[in-house]
Amino acid sequence: MGADPASDFGSDLPGPPRQTAAKRDAGGRRIDAPKYRVGQPVDVEDSVRLWSDARVAAVDAARGMVKVSYAGWSDRWDEWLETGSARIAPAGTRSYRAGRRAAPGQRVEARDERG
């Protein structure tokens, strides 16, 4: 996720979503949210507003929430997001995947000969 962010995602409580209000049924559940499954790769906008590789770690369908785990980072950085959050995107659409052509706006990390 880049440099250590100023804010800490150690809590399981979600932060405020950056999106418009979602449609909800009479029980308060989202009706327009995408479906996720545990282990599914996704791209997630992290705390320093960079897109990173992540996987779905848990799904709480009743609350319309998904817990994401960032690739290469400890579970201390896992966070809960609303399933319809603009911070979650299909895998490979916002962050670069090895062996694919880079697209404008994708995050690409490179290493030199020292690692």
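Everything here concerns the structure above.
Attention here is on the structure that accompanies the text. All figures in this text were calculated on a predicted structure; none of them were measured in a lab.

1. Looking at the nonpolar core
(1) Moving on: Listed in full, the 11 residues of the largest apolar core are Y36, V42, V44, A54, V56, V66, V68, Y70, W77, L81 and I88.
(2) Moving on: Per element, the largest residue contribution to this core is three residues, and it comes from strand 3 (residues 65-70).
(3) Moving on: Those residues within four positions of V56 in sequence are excluded, and the remaining contacts are Y36, R37, V38, G39, Q40, V42, V66 and K67.

2. A closer look at the sheet that holds strand 5 (residues 88-90)
(1) Moving on: Reading across the sheet, the five strands line up as 4-3-2-1-5 and stay open at both edges, with antiparallel pairing between neighbours. On the outer flanks of this sheet lie strand 4 (79-82) and strand 5, each paired with one strand and no other. This sheet shows a mean twist of 50° between the axes of neighbouring strands, independent of strand direction.
(2) Moving on: Relative to strand 2 (residues 51-60), strand 1 (residues 41-45) is paired through five bridges, and the arrangement is antiparallel. In the sheet register, E45 faces strand 2, and the bridge partner there is W51.

Criteria and cut-off values
Residues numbered from 1 in each chain as written. Predicted model: local features only at pLDDT ≥ 70, side-chain atom pairs only at ≥ 80, totals over all residues. Heavy atoms only, no water. Core = buried A, V, L, I, M, F, W, Y, C linked by side-chain atoms within 4.5 Å. Buried < 20%, exposed > 50% of the residue type's maximum accessible area, 1.4 Å probe, protein only. Helix = DSSP H or I, 4+ residues; strand = E, 2+ residues; numbered from the N terminus. Contact = heavy atoms within 4.5 Å. Pairing = 2+ DSSP bridges. Axes fitted to C-alpha atoms, helices over the stretch in contact; angles between N-to-C directions.

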